[in-house]
Amino acid sequence: MISLSATSYDPSGAIIIHARFVNEYQAERRGSITATLDGGVAVYDTGYSISDKTLTARVKNPTKAMLDTLNYLVAYYGQVILSYSKGVFLAVLSFALNIDTVTINCRLISRLDG
């Protein structure tokens, strides 16, 4: 279950979605790997940050009310509060409808529960 809500009190700015993120077990570290002239590599590692993760959920046959609420949250809030099985986060929300499936993307900004 995924809960999205506005960052301030707004009765129109909340939704519970009965879905799971398809990529919640995904992580990577910040940095880069550059090939060197001697055939090796130079590794630049700046660590891990929660803000490097974008979570994706897909909902088949979404209701018009769900699409309207998602559109409202994107239009009026630059960041939303995301709650799901792994915790509570501040996130940037985006979504796209393709035929009969809505894809919801939540770019994590910071953790709010820890």
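Provided above is the structure to which this section pertains.
Residues numbered from 1 in each chain as written. Predicted model: local features only at pLDDT ≥ 70, side-chain atom pairs only at ≥ 80, totals over all residues. Heavy atoms only, no water.

S.K.: What am I meant to see in the side chain of Glu24 here?
M.R.: Inspection of the secondary structure assignment puts Glu24 in the loop between strand 2 (14-17) and strand 3 (30-35). Polar side-chain contacts of Glu24 include one of 3.4 Å to the side chain of Arg20. Those residues in contact with Glu24, other than ones at most four positions away along the chain, are Lys53, Leu55, Tyr84, Ser85 and Lys86. (Helix = DSSP H or I, 4+ residues; strand = E, 2+ residues; numbered from the N terminus. Polar contact = N/O pair within 3.5 Å; in protein donor to acceptor, adjacent residues only side chain to side chain. Contact = heavy atoms within 4.5 Å.)

S.K.: Looking at this structure, how should I read the nonpolar core?
M.R.: Considering soluble globular proteins, one finds that nonpolar side chains tend to be buried as a cluster. Membership of the largest hydrophobic core comes to 25 residues, with the highest contact counts inside it found for Leu4, Ile17 and Leu82. Listed by contribution, the elements that provide at least two residues to this core are strand 1 (2-5), strand 2, strand 5 (54-60), helix 1 (64-76), strand 6 (80-84), strand 7 (87-98) and strand 8 (101-111). Not counting residues up to four positions away in its chain, the partners in contact with Leu82 are Ile2, Ser3, Leu4, Phe21, Leu55, Gly87, Val88, Phe89, Ala91, Cys106 and Leu108. (Core = buried A, V, L, I, M, F, W, Y, C linked by side-chain atoms within 4.5 Å. Buried < 20%, exposed > 50% of the residue type's maximum accessible area, 1.4 Å probe, protein only.)

S.K.: What's the story with unusual backbone geometry in this structure? I'm lost.
M.R.: Keep in mind that most residues, glycine aside, have a negative phi and that most peptide bonds are trans. With phi around 50 degrees, Asn61 is a residue other than glycine that occupies positive phi space. Position of Asn61 among the secondary structure elements: in the loop between strand 5 and helix 1. Of the residues examined, Asn61 reaches a relative accessible area of 57% and is grouped as exposed. Positioned with a positive phi, Ile99 is a non-glycine residue whose angle comes to about 60 degrees.

S.K.: Is there a simple way to think about the pairing of strand 6 in this case?
M.R.: Side-chain direction in a regular strand flips from residue to residue, so the side chains alternate between the two faces of the sheet. Burial of strand 6 is one-sided: the residues Val80, Leu82 and Tyr84 facing one way are buried, the residues Ile81 and Ser83 facing the other way are not. Bridge count for strand 1 against strand 6 is three bridges, and the pairing is antiparallel. By the bridge assignment for strand 6, Ser3 is matched with Ser83. Inspection of the sheet shows strand 6 paired to strand 7 by five bridges, in the antiparallel sense. (Pairing = 2+ DSSP bridges.)

S.K.: I tried to follow the sheet that holds strand 1 on my own but got confused; where do I start?
M.R.: Within a beta sheet, neighbouring strands are joined by backbone hydrogen bonds and run either parallel or antiparallel to one another. A sheet is described by the order of its strands in space; here six strands give the open sequence 2-1-6-7-8-5, paired in antiparallel fashion. The sheet is open, and its two borders are formed by strand 2 and strand 5, each paired with just one other strand. In this sheet, neighbouring strand axes are inclined to one another by 30 degrees on average, regardless of whether the strands run parallel or antiparallel. On top of the sheet, helix 1 reaches strand 1, strand 2, strand 5, strand 6, strand 7 and strand 8; it is set at about 120 degrees to strand 7, its chief contact. (Axes fitted to C-alpha atoms, helices over the stretch in contact; angles between N-to-C directions.)

S.K.: In this structure, what is going on with the environment of Leu108? I would like to understand it.
M.R.: Tracing the backbone through its elements, the reader meets Leu108 in strand 8. Separated by 23 residues in sequence, Leu108 and Ser85 place their C-alpha atoms 14 Å apart. Setting aside anything within four residues of it in sequence, one finds Leu108 in contact with Ile50, Ser51, Lys53, Leu55, Leu82, Phe89, Leu90 and Ala91.

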